[in-house]
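Letter by letter, the chains look like this.
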Amino acid sequence: MLVAGARPNYMKIAPIYWAITDGDRRDFDVELVHTGQHYDATLSGDFFRDLELPQPSVNLGVGSGSHAAQTAAVMERFEKVVLEKRPDVVVVVGDVNSTLACALVVPKLAYDETGKRPLLVHVEAGLRSRDRTMPEEINRVLTDAVSDVLFTTCRDGTENLLAEGVPLYRIHFVGNPMIDSMRRCAARADGAVLRDLGLEGRPFALCTLHRPSNVDRAEVLAEILGTLQEIGAQMPVLLPLHPRTRERIRRFGLQERVASLARPGHEAPARGLLALEPLSYLEMLAMLQAARCVLTDSGGIQEETTALGVPCVTLRDNTERPVTISEGTNVLGGTTRNGILAALATARAKGAKGARVPELWDGRAGVRIVEALARLGAR
């Protein structure tokens, strides 16, 4: 049972699904469960199509809410699904509320008087920012603590788990399934969005912004948007607006800092900070491939830009993906003007020199995960 709840989850479960179905693995029956944490079609529905995934057989439909309300709703509904379907293995991915909620359900279940329950597997285990103010950090730590099998994307993830007392036999370094999805879909990246905006062959920067620490505080959001405007004086900065970010810009009266850009057929001006509607996965991939530089608070985009060799500034003071800095094109910029501009200069210099793609980010993480699960099942 592969569980997805939010956009980044889909890029992580897809390679596992492909490895089973493309490889005609008849030793596996696979079922997709969607928690409904991202319930807007622009945030989830397009991703199933773009990633060539079937519609999930189960949608828990939890919608939005506080961390407590959302987690509780997922737990209550997911428990019923697991008891009905009785999977041998439940795979959770990433670090969103749905990940933790489903992870908390599995270890406490028993199918019958023998105590049999599913094996709980966490993909993308061991990532640590050491920042407990991030909800995702709490989700990561607790999910790892209750999981039976932990698949890591990088060597430091394995080291983090060992330092926390997880025995080595439960940890498997398999590489990064996000990069599997990126590599497989690169040829289908939807360049129509670039043509519609008149951006083919033109320099532009791309920004994504959604974390509560950045968008829920007026002074922080104003500082970031002001800095993006300054960068936009050199080339257009495209900002696909997450619904949360759009609402906060409106609430804080910051609309004048962002110029709306209708599409299709509305050519992007030579300069400025330009808002877009949310992009599909294939549209975002085309943007990432073509961007001169990227500014983001997204963990996944830090990884994708590293794999693509695109200069990246992370709009945070820390990252749970340090390999994107030590080996990739990523630089921490924080949320102040001076920090962001200095990081952008450093990231461009790193990009010009070239960066190394981290170990096992080769497009085969999904295959390694399925092979490991098959070995575990044979024991």
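Relevant structure appears above.
Residues numbered from 1 in each chain as written. Predicted model: local features only at pLDDT ≥ 70, side-chain atom pairs only at ≥ 80, totals over all residues. Heavy atoms only, no water.

### Re the overall build of the protein chain
Link 1 in the chain: Within the protein chain, the regular secondary structure consists of 16 helices and 14 strands.
Link 2 in the chain: Computed over the C-alpha atoms, the radius of gyration of the protein chain is 20 Å, within 12% of the 21 Å expected from 2.2 N^0.38 for a compact globule of 379 residues.
Link 3 in the chain: With the principal axes as the frame, the protein chain shows a C-alpha extent of 65 × 40 × 40 Å.
Link 4 in the chain: In the protein chain, 70% of the contacts between residues at least 6 apart in sequence involve partners at least 24 apart.
Link 5 in the chain: For the protein chain, the computed accessible surface area is about 15300 Å², with 51% contributed by carbon and sulfur atoms.
Link 6 in the chain: Of the side chains in the protein chain, 45 bear a positive and 47 a negative charge, and the two mean positions are spaced by 2 Å. (Helix = DSSP H or I, 4+ residues; strand = E, 2+ residues; numbered from the N terminus. Rg over C-alpha atoms; globule rule 2.2 N^0.38 Å. Contact = heavy atoms within 4.5 Å. Areas by Shrake-Rupley, 256 points an atom, 1.4 Å probe, with all protein chains shown as cover. Lys, Arg positive; Asp, Glu negative; His and termini not counted. Charge placed at Lys NZ, Arg CZ, Asp CG, Glu CD.)

### A look at the pairing of strand E5 (residues 119-125)
Link 1 in the chain: With respect to burial, E5 is a largely interior element, six of its seven residues being buried.
Link 2 in the chain: Of the crossover connections in this fold, the one passing from strand E4 (residues 89-93) over helix H4 (residues 97-105) to the parallel E5 is right-handed.
Link 3 in the chain: Bridge count between E5 and strand E6 (residues 149-152): four bridges; the pairing is parallel. Following the sheet pairing, Ala-125 is matched in E6 by Thr-152. (Buried < 20%, exposed > 50% of the residue type's maximum accessible area, 1.4 Å probe, protein only. Right-handed = clockwise from strand over helix to strand, strands pointing away. Pairing = 2+ DSSP bridges.)

### Observations regarding the packing of aromatic side chains
Link 1 in the chain: Enumeration according to the criterion identifies one aromatic pair in this entry.
Link 2 in the chain: With a centroid separation of 4.9 Å and an interplanar angle of 40 degrees, the aromatic rings of Tyr-10 and Phe-48 are classed as tilted. Note that Tyr-10 is positioned in helix H1 (residues 7-21) and Phe-48 in helix H2 (residues 45-50), a separation of 38 residues in sequence. By the burial criterion, Tyr-10 is buried, and Phe-48 matches it.
Link 3 in the chain: Positioned over the ring face of Trp-18 is Arg-184, at 4.1 Å from the centre of the ring. (Phe/Tyr/Trp six-rings, centres within 6.5 Å; stacked < 30°, edge-to-face > 60°. Lys NZ or Arg CZ within 6 Å of the ring centre and 35° of its normal.)

### Let's talk about the layout of surface pockets
Link 1 in the chain: A volume near 480 Å³ is recorded for the second largest pocket.
Link 2 in the chain: If you trace the second largest pocket, you find 20 residues lining it, with Met-1, Phe-28, Asp-29, Asp-88 and Val-89 closest to the centre.
Link 3 in the chain: At the level of elements, H1, E4 and helix H16 (365-378) are the ones that each hand at least two residues to the lining of the second largest pocket.
Link 4 in the chain: Sort the elements by how many residues they give to the lining of the second largest pocket and H16 lands first, with four residues.
Link 5 in the chain: For the lining of the second largest pocket, a count of residues per class yields 13 nonpolar, one polar and six charged. (1 Å grid on protein atoms, 1.4 Å probe; cavity = no way out; pocket = protein on both sides within 12 Å on 5 of 7 lines; lining within 4 Å. Points joined across faces, edges and corners; volume = space filled by probe spheres on them. Nonpolar A, V, L, I, M, F, W, Y, C, P; charged D, E, K, R; others polar.)

### Focus: helix H13 (residues 299-308)
Link 1 in the chain: Judged by how many residues are buried, H13 sits mostly within the fold: nine of ten residues are covered.
Link 2 in the chain: Burial in H13 covers these residues: Gly-299, Gly-300, Ile-301, Gln-302, Glu-303, Glu-304, Thr-305, Thr-306 and Ala-307.
Link 3 in the chain: Where H13 begins, one side-chain oxygen reaches toward the backbone nitrogen of Gly-300, 3.3 Å away; that side chain belongs to Ser-298.
Link 4 in the chain: Of the residues trailing H13, Gly-309 is marked for its positive phi of about 75 degrees. (Polar contact = N/O pair within 3.5 Å; in protein donor to acceptor, adjacent residues only side chain to side chain.)

### Quick notes on the pairing of strand E8 (residues 205-208)
Link 1 in the chain: On E8, burial covers both faces: Ala-205 and Cys-207 on one face and Leu-206 and Thr-208 on the other are all buried.
Link 2 in the chain: Inspection of the sheet shows E8 paired to strand E9 (residues 237-240) by two bridges, in the parallel sense. Following the sheet pairing, Leu-206 is matched in E9 by Leu-238.
Link 3 in the chain: In terms of strand pairing, E8 meets strand E12 (residues 293-296) through four bridges, oriented parallel. Pairing of Leu-206 across the sheet is with Val-294, part of E12.

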